[in-house]
Amino acid sequence: MKILYIDCNVKHLNPTANLISLLFTHIADEIDHFGPGYVSDDEIKGGILKYANNNEYDFVVVGPNTNIINDSSKENIDSIKYISSYTSKNFDTNILYDFYKDIKNNINNLECKLKLLTLLNFDYYAATIDQVEKLVKSKLYILAPGIEFITDINHLDSFVIKEKHYKAKKNRISNNWRDFIKSNPDKIISTTHFVSDDEFYFNDIISREYDINIPGIKYYLRDKAVKQLIPNKYKINRDFHLKFYSFLNKLKLPVYSNNFSLKTYRQIFQKKLSNSKKVFTAKGGFGMTIRKFFEIPAAGALMVCNPPFNFDNLGYKDKIHYIKFSENDNINEFIDYYLNDSSSSIIAKSGQRLTLKNHSIAARVIQIKNALAQILKNNYLRSEWCRGEFNIHKITD
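Bear in mind that the values here come from a model prediction, so they are computed numbers and not experimental data.

Caption draft 1: Examining the sheet that holds strand β8 (residues 276–282) more closely. If you walk across this open sheet you meet the four strands as β7-β8-β9-β10, and the pairing is parallel. Of all the strands in the sheet, just β7 (210–213) and β10 (323–324) have a single pairing partner and so form its edges. Relative to β8, β7 runs parallel, the two being bridged by three bridges. Pairing of Tyr210 across the sheet is with Ser276, part of β8. Of the strands in this sheet, β7 and β8 touch helix α11 (residues 259–274), which is tilted by about 115 degrees from β8.

Caption draft 2: The sheet that holds strand β5 (residues 141–144), seen in detail. In space, the six strands of this open sheet follow the order β2-β1-β3-β4-β5-β6, with parallel pairing throughout. Here the strands that pair on one side only, and so sit at the sheet edges, are β2 (30–34) and β6 (188–190). Between one strand axis and the next, the sheet turns through 20 degrees on average, direction left out of account. By the bridge criterion, four bridges tie strand β1 (residues 2–6) to strand β3 (residues 59–62) in an arrangement that is parallel. The residue of β3 that forms the bridge with Ile6 is Val62.

Caption draft 3: A look at the nonpolar core. Residues Ile6, Phe24, Trp177 and Leu372 are the most contacted members of the largest nonpolar core, which totals 95 residues. With six residues, the single largest contributor to this core is helix α15 (residues 361–376). If near-sequence neighbours (up to four positions away) are discounted, Ile6 is found in contact with Phe34, Ile48, Val60, Val61, Val62, Gly63, Thr66, Phe99, Ile103, Ile107 and Leu110. Residues Ile212, Tyr234, Ile331 and Tyr338 belong to the second largest nonpolar core, which totals 21 residues.

Caption draft 4: Up close: the packing of helix α6 (residues 129–138) against helix α8 (residues 176–183). One way to put it is that α6 packs onto α8 with a least axis distance of 9 Å and a crossing angle of 20 degrees. As the angle between them shows, α6 and α8 are arranged roughly parallel. In this structure, the crossing between α6 and α8 has a hand that is right-handed. Taken together, the residues of α8 that come into contact with α6 (itself represented by Ile129, Val132, Leu135 and Val136) are Asn176, Trp177 and Phe180. Looking at side-chain class alone, the contact of α6 with α8 contains six nonpolar, one polar and no charged residues.

Caption draft 5: Layout of the pairing of strand β12 (residues 389–394). In terms of strand pairing, strand β11 (residues 380–386) meets β12 through six bridges, oriented antiparallel. Opposite Ser383, over in β12, you have Ile392 as the bridge partner. The hairpin formed by β11 and β12 contains two residues between the paired strands, and Arg387 there has a positive phi angle of roughly 55 degrees.

Caption draft 6: Up close: the side chain of Gln374. Mapped onto the fold, Gln374 is located in helix α15. Judged by relative accessible area, which is 9%, Gln374 ranks as buried. Excluding anything up to four places from it in sequence, Gln374 contacts Asn379, Tyr380, Ile392 and Lys394.

Caption draft 7: Spatial organisation of α15. Taking 1.5 Å as the rise per residue, α15 with 16 residues should run 22 Å; its terminal C-alpha atoms sit 22 Å apart, in good agreement. Of the residues making up α15, those classed as buried are Ile361, Ala363, Arg364, Val365, Gln367, Ile368, Ala371, Leu372, Gln374 and Ile375. Positive phi shows up at Asn378, right after α15, with a value of about 55 degrees.

Caption draft 8: View of the pattern of salt bridges. Applying the stated rule across the entire model yields 15 salt bridges. Measuring nitrogen to oxygen at the nearest pair gives 3.3 Å for the salt bridge that ties Arg266 to Glu199. Of the two residues, Arg266 is situated in helix α11 and Glu199 in the loop between β6 and β7; the sequence distance between them amounts to 67 residues. Each member of the pair, Arg266 as well as Glu199, is classed as buried. With a closest N to O distance of 3.8 Å, Lys277 and Asp211 form a salt bridge. Here Lys277 is found in strand β8, whereas its partner Asp211 is found in strand β7, with 66 residues between them in sequence.

Cut-offs applied
- Residues numbered from 1 in each chain as written.
- Predicted model: local features only at pLDDT ≥ 70, side-chain atom pairs only at ≥ 80, totals over all residues.
- Heavy atoms only, no water.
- Pairing = 2+ DSSP bridges.
- Helix = DSSP H or I, 4+ residues; strand = E, 2+ residues; numbered from the N terminus.
- Contact = heavy atoms within 4.5 Å.
- Axes fitted to C-alpha atoms, helices over the stretch in contact; angles between N-to-C directions.
- Core = buried A, V, L, I, M, F, W, Y, C linked by side-chain atoms within 4.5 Å.
- Buried < 20%, exposed > 50% of the residue type's maximum accessible area, 1.4 Å probe, protein only.
- Parallel < 35°, antiparallel > 145°, perpendicular 65-115°, else oblique.
- Left-handed = near helix turned anticlockwise from the far one by under 90°.
- Nonpolar A, V, L, I, M, F, W, Y, C, P; charged D, E, K, R; others polar.
- Expected span 1.5 Å × (residues − 1).
- Salt bridge = Lys/Arg side-chain N within 4 Å of Asp/Glu carboxyl O.

Written out as C-alpha cells, the structure is:
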C-alpha cells in the first residue's frame, strides 16, 4: 500500500496529533510526506499537483494539522496562529498560507481517488453545515469516532450547561456532525485516540508513591472531585506544572512552541500517572472519549472515572478494567476503599492489558490497515466498535 501523507510537520502537547504520521508510516508499505517541515519551501511553492505527478498512490491522507474544511480565510489565519503559538516546528509559518490554499484548492484534483481526512481532534459538536457539505462533496473517507461515540445533543448530561466549554460555544452546538456520519457510515473509519509504546508503565501500584492524581483541565466533574478531596488525608499528586506552564505562557514565553518544554511537560505528566496508585478522570459534558481514558490504564494506574459515552464498546468494563464513578459519588469513599482492596492491582493490570491489546498504536495500525484494504477492494460498508471489538462490515457480507 503506497500512501501520500499531507500535513505540516509539527509537535503538539496532545500526543495523538504527533502520532498520526507515525501511524500511517507503519500502515504503508511505502509512504511520501508532503508539507512544511517534510519537504523544502521550493517544493511547497511548486504545489501538491507537481509533487505528486508521476506517482501512483493507493491513498492520500490529510493529517490533523491541515484543516481543508475551514469555513473561512479567518479560520485559516486562526489555524496558523495556533500552529505558531502552540506547536514546535522547524519551518517559517508564513509558508502555511500558500500550503493551506494549495491543498484546499487541489486535493480533489489529485489523480488518486481514495483520500482520507484525519479528524481525531475535531470539534464535532461545533461542526457547521458548510463544513459538512464540503465533506459530502469531497467524497473523502474520514478517520474519526463513529456514531456509537457521538451523543445526540438532546441527550447530553444535565451538567453540560456548567461546563465552560459548553458556555463558550452553546450558540454553535448542533447535531450536524452526528447527522452527517449517520447518513454516511461508509465514509467513516471508526477510530478513537490511542497510545504509544512509551506510555506503558509496569511498576505495581502498591509501590507507587502517591494515593491519587486528578490530571488535566478541570472539567465540571473533575473540578468537583478535586474540591471533595480531604486535605492532608491522602498523598495527592498535584498538577503544579499546569499552573507553572500557564504562568510562563502569560509572560509570553514560548513554552508551548518549544520542543524541549513540550517534551518536559509530557515527561512530568507521564511520571505523575506512573507514580500514582489511582488516577481519576471524567468525561466532559459532551461525553467524548478523551485521551486520558487510554493514558491512565496504559500507565498502570487504577482508573476511577465517570466513563465516556458507550465506553463499554471499546471493551472497558466497570470493576474489571476501571472503577465507575457517578456524578453524585464522593471521591474520598473510592480512595478509602480501593487503597486497601486487593482487587486494585488486578483491575489496573486488566485495564492496561486491554489498552495494549486494543488501543495501542500497534493495534490501531492493524485496525485501520484492515479497513483501508476493504476500501481498496470497493468492499467497505462501515466500521464500528462493539463490546471491545473493531468490526468491519463488508458489502459482500
